[in-house]
Amino acid sequence: MAHPEPIVFLNGQFVPRSAATMDIEDRGTMFGDGVYEVIRYYAGKPLAMKEHLARLKQSLKAIRIEPTDDVLRLDAITDALVNRNRMPEARVYWQVTRGPASPRRYPIPAEPKSTLLVLTYPDAPLETQSPVPTITAAVVPDERWHRCSIKTVMLLPSVLALHKAIDRGAQAAILHCAGGV
């Protein structure tokens, strides 16, 4: 039996994933000018929704993006998307960028129109009776920028750190900087 096409939330609308389009000059694509958050749903219930929303708002404030009305009601939007996709066990990705701006220039536009994207991904249910899975990790230098508390969409240093760990035979990277991890 074929699964129905996933629904996403993009700029105020629930749309089929194949119909979701973003401006090619979105500053998230051009400059990594945006933030993200990932929240886990177990049995249709979000884990730490308030904390994830607070961290998203903190990241938005740090890069000077005003939360839109949709960002302020992201909990309800996320619940609705999880239900529409019939995905009680899910990872939900939120991404807010500064939005499109043309021509491509570094200065923040005077009146940006941010882009909000919400995606769901199926995940396995929590197995409380099974042993906790283990993985190996390698300690690698933290080469992200000095504002790594902001969950920016520019994840290239994290991608490269993971591959340094994989090259060492590990499955995860533990980042270290200035004597801490």
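Structure shown above.
The structure reproduced in this document is the subject of the present report. Fair warning: this is a prediction, and the values are worked out from it, not measured in the lab.

Below, the discussion takes up the nonpolar core. Core analysis: the biggest nonpolar cluster contains 23 residues, and Leu 74, Trp 94 and Val 118 have the highest contact counts within it. Elements represented by at least two residues in this core include exactly β3 (34–42), α2 (49–62), α4 (74–84), β5 (90–97) and β6 (115–122). Ignoring sequence-local partners within four residues, the contact set of Leu 74 consists of Leu 53, Leu 56, Trp 94, Leu 116 and Val 118.

With that settled, consider the pattern of salt bridges. With the rule as written, the count across this model stands at eight salt bridges. Between Asp 33 and Arg 98 there is a salt bridge; the shortest N-O distance is 2.7 Å. Of this pair, Asp 33 sits in the loop between α1 (27–31) and β3 while Arg 98 sits in the loop between β5 and β6, and the two are 65 residues apart along the sequence. The pair Asp 33 / Arg 98 is uniform in exposure class, with both members buried. Linking Glu 37 and Arg 55 is a salt bridge whose minimum nitrogen-to-oxygen distance equals 2.5 Å. Of the two residues, Glu 37 is situated in strand β3 and Arg 55 in helix α2; the sequence distance between them amounts to 18 residues.

A rise of 1.5 Å per residue sets the reference length of α2, with its 14 residues, at 20 Å; its end C-alpha atoms lie 20 Å apart and thus fit the reference within 8%. The inward-facing, buried residues of α2 abut β3, β4 (45–46), α3 (69–72), α4 and β5. Just beyond α2, the residue with positive phi is Arg 64, at close to 65°.

Turning our eyes to something else, we now look at the side chain of Asn 85. Relative to the assigned elements, Asn 85 resides in the loop between α4 and β5. Among the residues examined, Asn 85 registers a relative accessible area of 14% and is labelled buried. In this view, Asn 85 contacts Pro 6, Ile 7 and Thr 120; residues no more than four positions away in its chain are not counted.

Thresholds applied
- Residues numbered from 1 in each chain as written.
- Predicted model: local features only at pLDDT ≥ 70, side-chain atom pairs only at ≥ 80, totals over all residues.
- Heavy atoms only, no water.
- Core = buried A, V, L, I, M, F, W, Y, C linked by side-chain atoms within 4.5 Å.
- Buried < 20%, exposed > 50% of the residue type's maximum accessible area, 1.4 Å probe, protein only.
- Helix = DSSP H or I, 4+ residues; strand = E, 2+ residues; numbered from the N terminus.
- Contact = heavy atoms within 4.5 Å.
- Salt bridge = Lys/Arg side-chain N within 4 Å of Asp/Glu carboxyl O.
- Expected span 1.5 Å × (residues − 1).

As far as function goes, none of this settles anything; it's purely spatial.
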